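Below are the chains, spelled out letter by letter.
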Amino acid sequence: MAMAADDIATMIRAALPDAEVTITDLAGDGDHYAAHVVSAAFQGMSRVAQHKAVYAALGGRMGGALHALQLTTAVPISGV
Amino acid sequence: MSQTASTAERLTEIVQGNDVVLFMKGTPLFPQCGFSSRAVAILERLGVEYATVDVLQDMEIRQAIKAFSDWPTIPQLYVKGEFVGGSDIMMEMFEAGELEQLVTEAGVARA
């Protein structure tokens with residue numbers, strides 16, 4: 001049921017092409033990840049909307065195949 | 001289908017009827033998931049009165065809550081009927097002082 005870190009990053013980048021995605025395997029078990037996603041697309045979006053955009057990129061796997069994904073989002077510091 | 005509708009009504013009643021309510025796995029004393037545990041810890045640090053709903057005790061709510069705010073995971077925090085976010089957003093907001101600001105502006109009772 002677990003997903004590889006690369007697959008997670010690839011799916012996020014497919015939906016948010018400019019995104020800088022950093023995936024950390026928290027437990028070393030391929031099942032508990034932290035993802036930090038930085039994208040200019042988040043500009044002007046609420047935190048909830050930013051997270052929903054990432055969840056949408058993962059196509060319904062969140063809460064299913066991906067149980068434990070700690071997520072943080074941000075816009076690039078330099079702006080757009 | 002009427003079952004689903006009534007569950008949504010129950011959810012509306014719960015989030016309208018409690019200033020701060022956390023849908024979680026387990027209870028504050030015995031959280032059944034690390035994310036729920038973290039959400040409870042944040043609310044404790046914040047020092048607000050809050051209600052919790054253990055979704056593991058109610059399969060209808062466990063399913064319906066995901067559609068309710070179009071949010072795929074649990075825990076979920078609601079303040080004054082508004083969806084705030086899951087544990088990651090709670091942590092980000094807590095660290096930024098935004099959660100404190102939110103409950104202050106909402107006039108939530110302190111524990």
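Residues numbered from 1 in each chain as written. Chains lettered and ligands numbered in written order. Predicted model: local features only at pLDDT ≥ 70, side-chain atom pairs only at ≥ 80, totals over all residues.

Peer 1: Looking at this model, I keep getting lost on the overall build of chain B. Mind explaining?
Peer 2: Counting its regular elements, chain B contains five helices and four strands. Walking chain B from its N terminus toward its C terminus, one meets helices and strands in the order α-β-α-β-α-β-β-α-α. For 111 residues, the compact-globule formula gives about 13 Å, and the C-alpha radius of gyration of chain B, at 13 Å, lands near that figure. Projected onto the principal axes, the alpha-carbon positions of chain B cover approximately 40 × 25 × 20 Å. Going through the 111 residues of chain B one by one, you find that 37% of them count as buried. (Helix = DSSP H or I, 4+ residues; strand = E, 2+ residues; numbered from the N terminus. Rg over C-alpha atoms; globule rule 2.2 N^0.38 Å. Buried ≥ 20, exposed ≤ 12 C-beta atoms within 10 Å, placed from the backbone.)

Peer 1: Looking at this model, I keep getting lost on the nonpolar core. Mind explaining?
Peer 2: As a rule of thumb, nonpolar side chains are buried together in soluble globular proteins. All names here are of chain B. Membership of the largest hydrophobic core comes to 27 residues, with the highest contact counts inside it found for Leu22 and Ala39. Secondary-structure elements contributing two or more residues to this core are helix H1 (2-17), strand S1 (20-24), helix H2 (34-46), helix H3 (59-68), strand S3 (76-79), helix H4 (87-95) and helix H5 (98-106). Take this core: its biggest share by element is five residues, from S1. With residues near it in sequence (within four places) discarded, Leu22 still touches Ala39, Val40, Leu43, Tyr50, Thr52, Pro75 and Leu77. (Core = buried A, V, L, I, M, F, W, Y, C linked by C-beta atoms within 7 Å. Contact = placed C-beta atoms within 7 Å.)

Peer 1: Would you mind showing me how to read the pairing of strand S2 (residues 32-38) of chain A here?
Peer 2: The side chains of a regular strand alternate between both faces of the sheet. Residues and elements named next belong to chain A. Residues Tyr33, Ala35 and Val37 of S2 are buried on one face, while the alternating residues His32, Ala34, His36 and Val38, pointing to the opposite face, are not. The pairing of strand S1 (residues 20-25) with S2 spans six bridges and is classified as antiparallel. Counterpart to Val21 in the pairing with S2 is Val37. The hairpin turn running from S1 into S2, its antiparallel successor, is six residues long, and Gly28 in that turn takes a positive phi close to 70°. Strand direction decides the pairing type here: S2 and strand S3 (residues 68-74), joined by seven bridges, are parallel. In the sheet register, Ala35 faces S3, and the bridge partner there is Leu71. (Pairing = 2+ DSSP bridges.)

Peer 1: Help me understand H3 of chain B, please; the structure alone is not making it clear to me.
Peer 2: Because each turn of an α-helix spans 3.6 residues, side chains separated by three or four positions in sequence point in the same direction. Residues and elements named next belong to chain B. Within H3 the residues assigned to the buried category are Ile61, Ala64 and Ile65. With its buried residues spanning 110° around the axis, H3 presents them on a single face. Two residues or fewer after H3 comes Asp70, characterised by a positive phi angle close to 50°. (Arc of directions from axis to C-beta.)

Peer 1: Would you mind going over the interface of chain B and chain A with me for this structure?
Peer 2: By a widespread convention, an interface's size corresponds to the accessible area lost as its parts come together. Residue-level contacts link nine residues of chain B with 10 residues of chain A. Counting residues per element, the ones that place at least two in the side of chain B that touches chain A are strand S4 (82-85) and H4 of chain B. It is H4 of chain B that contributes the most residues to the side of chain B that touches chain A, three residues altogether. Counted by class, the side of chain B that touches chain A contains three nonpolar, two polar and four charged residues. (Nonpolar A, V, L, I, M, F, W, Y, C, P; charged D, E, K, R; others polar.)

Honestly, that's just the spatial picture; any functional story needs more than this.
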